[in-house]
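Survey of secondary and tertiary structure
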Amino acid sequence: MDGKQFVYEEVSYRIIGCLYDVNNQLGSGLKEQVYQKAVSLKLAEDRFHFKEQVYIPIMYNGLRVGYRYLDFLVDEKIILELKSGSSFSRQHMNQTNEYLKLTRLQLAILANFSSNGVKVKRLVNLP
């Protein structure tokens, strides 16, 4: 990569467009579960291939020692994590980066539905 291209640029812009559409219609102040349901409906409407609440086992020496759940896995390659609150926290960033490492995927989109609209961060897991 020459620094001028984004990982999965076109798909990620389409996903972000879905997030803005949901925010424009619902506004602020709702619970995360409400935004998750609306984003699910919008992703389906826009014909994305996605899964919700994707189980990710954490393995050590062939044994499961823990697990996590991704909010969404889009096109089998992009993690989409949703939050609701005033701002991104370090914990949200760390959690999403952990998901990237566990899945060995390249891109996660972290979206926070706040009183100032939806804020989006792209997190990249470089090989």
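The coordinates are above.
Residues numbered from 1 in each chain as written. Predicted model: local features only at pLDDT ≥ 70, side-chain atom pairs only at ≥ 80, totals over all residues. Heavy atoms only, no water.

A closer look at the pattern of salt bridges
Tallied over the full model, the rule gives five salt bridges. Here Glu76 makes a salt bridge to Lys51, at a shortest N to O gap of 3.0 Å. You can see Glu76 sitting in the loop between strand 2 (63-74) and strand 3 (78-84) and its partner Lys51 sitting in strand 1 (residues 50-60), a full 25 residues away along the chain. We note a salt bridge from Glu98 to Arg68, for which the minimum N-O separation is 2.6 Å. (Salt bridge = Lys/Arg side-chain N within 4 Å of Asp/Glu carboxyl O. Helix = DSSP H or I, 4+ residues; strand = E, 2+ residues; numbered from the N terminus.)

Structural notes on the sheet that holds strand 5 (residues 117-124)
Consider a sheet: its strands pair through backbone hydrogen bonds, and that pairing is either parallel or antiparallel. Read from one edge of the open sheet, five strands run 1-2-3-4-5, paired in mixed fashion. Of all the strands in the sheet, just strand 1 and strand 5 have a single pairing partner and so form its edges. Averaged over all pairs of adjacent strands, the angle between strand axes in this sheet comes to 35°, irrespective of strand direction. Sitting on the sheet, helix 1 (residues 9-26) is in contact with strand 2, strand 3, strand 4 (107-114) and strand 5, with an inclination near 15° to strand 4. Lying on the sheet, helix 3 (residues 90-103) is in contact with strand 1, strand 2, strand 3, strand 4 and strand 5; it crosses strand 3 at an angle near 160°. (Pairing = 2+ DSSP bridges. Axes fitted to C-alpha atoms, helices over the stretch in contact; angles between N-to-C directions. Contact = heavy atoms within 4.5 Å.)

So, the pairing of strand 4
Most of strand 4 is tucked away, with eight of its eight residues classed as buried. Neither face of strand 4 is left uncovered, since the one carrying Leu107, Ile109, Ala111 and Phe113 and the one carrying Ala108, Leu110, Asn112 and Ser114 both have all their residues buried. Looking at chain direction, strand 3 and strand 4 are connected through seven bridges and run parallel. Within the sheet, the bridge partner assigned to Ile79 lies in strand 4 and is Ala108. Crossover strand 3 to strand 4 through helix 3 is right-handed. For strand 4 and strand 5, the ladder comprises eight bridges, and the chain directions are antiparallel. Residue pairing in the sheet places Asn112 in a bridge with Lys119 of strand 5. (Buried < 20%, exposed > 50% of the residue type's maximum accessible area, 1.4 Å probe, protein only. Right-handed = clockwise from strand over helix to strand, strands pointing away.)

Examining helix 3
Helix length check: helix 3, at 14 residues, gives a terminal C-alpha distance of 20 Å against a target of 20 Å (1.5 Å per residue), a fit within 8%. Along helix 3, the positions that sit buried rather than exposed are His92, Met93, Thr96, Tyr99 and Leu100. End-on, the buried residues of helix 3 take up no more than an arc of 120°, which puts them together on one face. Exposed residues lying more than 90 degrees from the buried face of helix 3 are Arg90, Gln91 and Lys101. The inward-facing, buried residues of helix 3 abut strand 2, strand 3, strand 4 and strand 5. Just beyond helix 3, the residue with positive phi is Arg104, at close to 60°. (Expected span 1.5 Å × (residues − 1). Arc of directions from axis to C-beta.)

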